[in-house]
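# Coordinate analysis (summary)
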Amino acid sequence: MADDSSHEKVGIGRTLYRFDTEYSADSCEFNPQLNVLATGTYQVNKLDPESESPQTQRLGRIYIHNVDIENLEKLSSKDAAKNGANSNHISEENGGKFCTKACTLDCPAVLDLKWNLKSADTLAAVNASGQLAIYHYNEVDKILKGEETQISEGLALALEWNLNYDKIVVSDSKGKILVVDPNDSVKVINEYRLHGYEAWTCCFSAWDENIIFSGADDCCFHSYDLRVPDCVSKKNSKSHTMGVTAMISDKLKQNQIITGSYDEKLRWWDERHLKYEIESLEVGGGVWRIKQRSSDGRLLIGAMHGGFCIVDNKQVVTRYDAHESLAYGADWISDSLAASSSFYDHLMTIWAV
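Let us look at the structure shown here. (Residues numbered from 1 in each chain as written. Predicted model: local features only at pLDDT ≥ 70, side-chain atom pairs only at ≥ 80, totals over all residues. Heavy atoms only, no water.)

### Considerations on the overall build of the protein chain
The secondary structure content of the protein chain amounts to one helix and 29 strands. Taking the principal axes of the C-alpha coordinates as reference, the protein chain spans close to 60 × 50 × 45 Å. Counting over 353 residues, the protein chain shows a buried share of 58%. Across the protein chain, every contact between residues at least 6 apart in sequence was considered, and the portion connecting residues at least 24 apart equals 52%. Summing over all exposed atoms, the protein chain offers an accessible surface of approximately 15100 Å²; the carbon and sulfur share of this is 44%. Placing the 36 positive and 52 negative side-chain charges of the protein chain at their respective mean positions leaves the two points 3 Å apart. (Helix = DSSP H or I, 4+ residues; strand = E, 2+ residues; numbered from the N terminus. Buried < 20%, exposed > 50% of the residue type's maximum accessible area, 1.4 Å probe, protein only. Contact = heavy atoms within 4.5 Å. Areas by Shrake-Rupley, 256 points an atom, 1.4 Å probe, with all protein chains shown as cover. Lys, Arg positive; Asp, Glu negative; His and termini not counted. Charge placed at Lys NZ, Arg CZ, Asp CG, Glu CD.)

### With respect to the side chain of N116
Mapped onto the elements of the fold, N116 is located in strand β7 (residues 110-116). There is a polar contact of 2.9 Å between the side chain of N116 and the backbone nitrogen of S119. (Polar contact = N/O pair within 3.5 Å; in protein donor to acceptor, adjacent residues only side chain to side chain.)

### Here's the deal with the sheet that holds strand β17 (residues 221-225)
Strand order in this open sheet of four strands is β15-β16-β17-β18, and the pairing throughout is antiparallel. Looking along the sheet, the strands with just one partner apiece sit at the ends: β15 (201-204) and β18 (234-236). If you compare each strand with its neighbour and ignore which way they point, the axes differ by 15° on average. (Pairing = 2+ DSSP bridges. Axes fitted to C-alpha atoms, helices over the stretch in contact; angles between N-to-C directions.)

### Concerning the sheet that holds strand β22 (residues 279-282)
On the basis of which strands lie adjacent, the open sheet formed by four strands has the order β19-β20-β21-β22 and antiparallel pairing. In the strand order of this sheet, the two ends are held by β19 (244-249) and β22, each with one partner. Across the sheet, the mean angle separating the axes of adjacent strands is 20° when strand polarity is ignored. When strand β21 (residues 265-270) meets β22, the two strands line up antiparallel, connected through four bridges.

### A word on the pairing of strand β11 (residues 156-161)
Here β11 lies mainly inside the structure; six of its six residues are buried. Looking at chain direction, β11 and strand β12 (residues 168-172) are connected through five bridges and run antiparallel. In the strand pairing of β12, L159 is matched with V170. Following β11, the chain reverses through six residues before pairing antiparallel with β12; Y165 in that reversal takes a positive phi of roughly 55°.

### What about the packing of aromatic side chains?
Where two aromatic rings form a pair, the distance of their centres and the angle of their planes describe that pair. A complete count under the given rule lists 13 aromatic pairs for this structure. Each ring, one from Y328 and one from F343, has its centre 5.4 Å from the other, and the planes form 70°; the classification is edge-to-face. Placement of Y328 in strand β27 (residues 327-332) and of F343 in the loop between β28 (337-342) and β29 (347-352) is noted, with a sequence separation of 15 residues between them. The buried category is assigned to Y328, whose relative accessible area is 12%. Taken together, the aromatic side chains of Y42, W200, Y262, W288, Y328, F343 and Y344 make up a single cluster linked through ring pairs. Taking the ring centre of W332 as reference, the NZ or CZ of R293 above it sits at 4.8 Å. Looking at K314, its charged tip hangs above the ring of W268, at a distance of 5.1 Å from the centre. (Phe/Tyr/Trp six-rings, centres within 6.5 Å; stacked < 30°, edge-to-face > 60°. Lys NZ or Arg CZ within 6 Å of the ring centre and 35° of its normal.)

### Things to note about the side chain of S223
With respect to the secondary-structure elements, S223 resides in strand β17. You can call S223 buried: its relative accessible area is 2%. The contacts of S223, once residues within four sequence positions are left out, are I211, I212, F213, V232, S233, K234 and L274.

### Observations regarding the environment of I151
Residue position: I151 is located in the loop between β10 (143-150) and β11. Taking the relative accessible area as the measure of exposure, I151 reaches 11% and is therefore buried. Each C-alpha atom, one on I151 and one on L178, is 8.3 Å from the other, the two residues being 27 residues apart in sequence. With residues up to four places along the chain from it excluded, the contact list for I151 reads G130, Q131, L132, V170, K176, L178, V180, V186 and V188.

### Topic: the nonpolar core
Grouped together as the largest cluster of nonpolar side chains are 24 residues, with contacts concentrated most on A124, V126, L132, I151, I168 and V170. For this core, the elements supplying multiple residues, two or more each, are β8 (122-127), β9 (131-138), β11, β12 and β13 (176-181). Among residues more than four places away in sequence, those in contact with L132 are A124, A125, V126, E147, E148, T149, I151, I168, V170, V180 and V186. (Core = buried A, V, L, I, M, F, W, Y, C linked by side-chain atoms within 4.5 Å.)

Function-wise, these values are silent; they only describe arrangement.
As structure tokens, this is what we get:
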């Protein structure tokens, strides 16, 4: 874990709710319009546990939870007063009456999922069968259903919606980057085959819908202009010492992009000049997820072996180590609440930051 001793005292997140996802949990996404949390899971099982055959099947499940933000925040305040602000105490009744399971959907193993915040009931997911799924959540009947479309010969690894929520960028295990129109029979409208290994991550620019980015196990970080097909407009192949695994376009600072890597560092970049990063920070584990808080830009980080942490002004200000396995999924619920999910201990939690 990174040494935080040179910084001001680092806070400790406090668990309010725990949920056993049964399958390994790798992603969680909050929908602030419906106040629901989606959690994606990924499980590899042998087809015949009794045989020596290496054949496996990849199973997945998506959970939808209703989240009562107001009462969870009250519970957090009550717990902090009783047990101290830096206690990792699990609050009374685990917050269970304020976070309730609404529905589940069995599906191919999920690698990533994102809500469409323009059409609040729409959830996009990518899976180990190489599919992009567009699901719709019926809030009244508490049902999640939709269609899965084959777009990759490998595993579909990551996705993000664009600014207008009318296009999706997807990266896959073959190193491909795909831009898809989900409203036109999930049609692939741009395709780039420029990474040599798994393309772990991708995103749209938060400021220009013509610009996308990708990162891969080849340690390369690419920028593309969708108006110029079949080529990379900018590239960095020297800064990341291991695979590029996470990225976001800063929604509060134009031209800034933030990447994460297996080399345990966050890096800040000016997207116009990718030769060198602006700054970097070691967070103590491979960076699998980066989520920005819209109110002030604070970053919620899923740092694999390093647990979860919050970064402000390029310093770690809070750590959350209640998970006992790889820290993968993370999202903000409110300014004072976060959700997280971890792999081998198949756990989703909601915690006070």
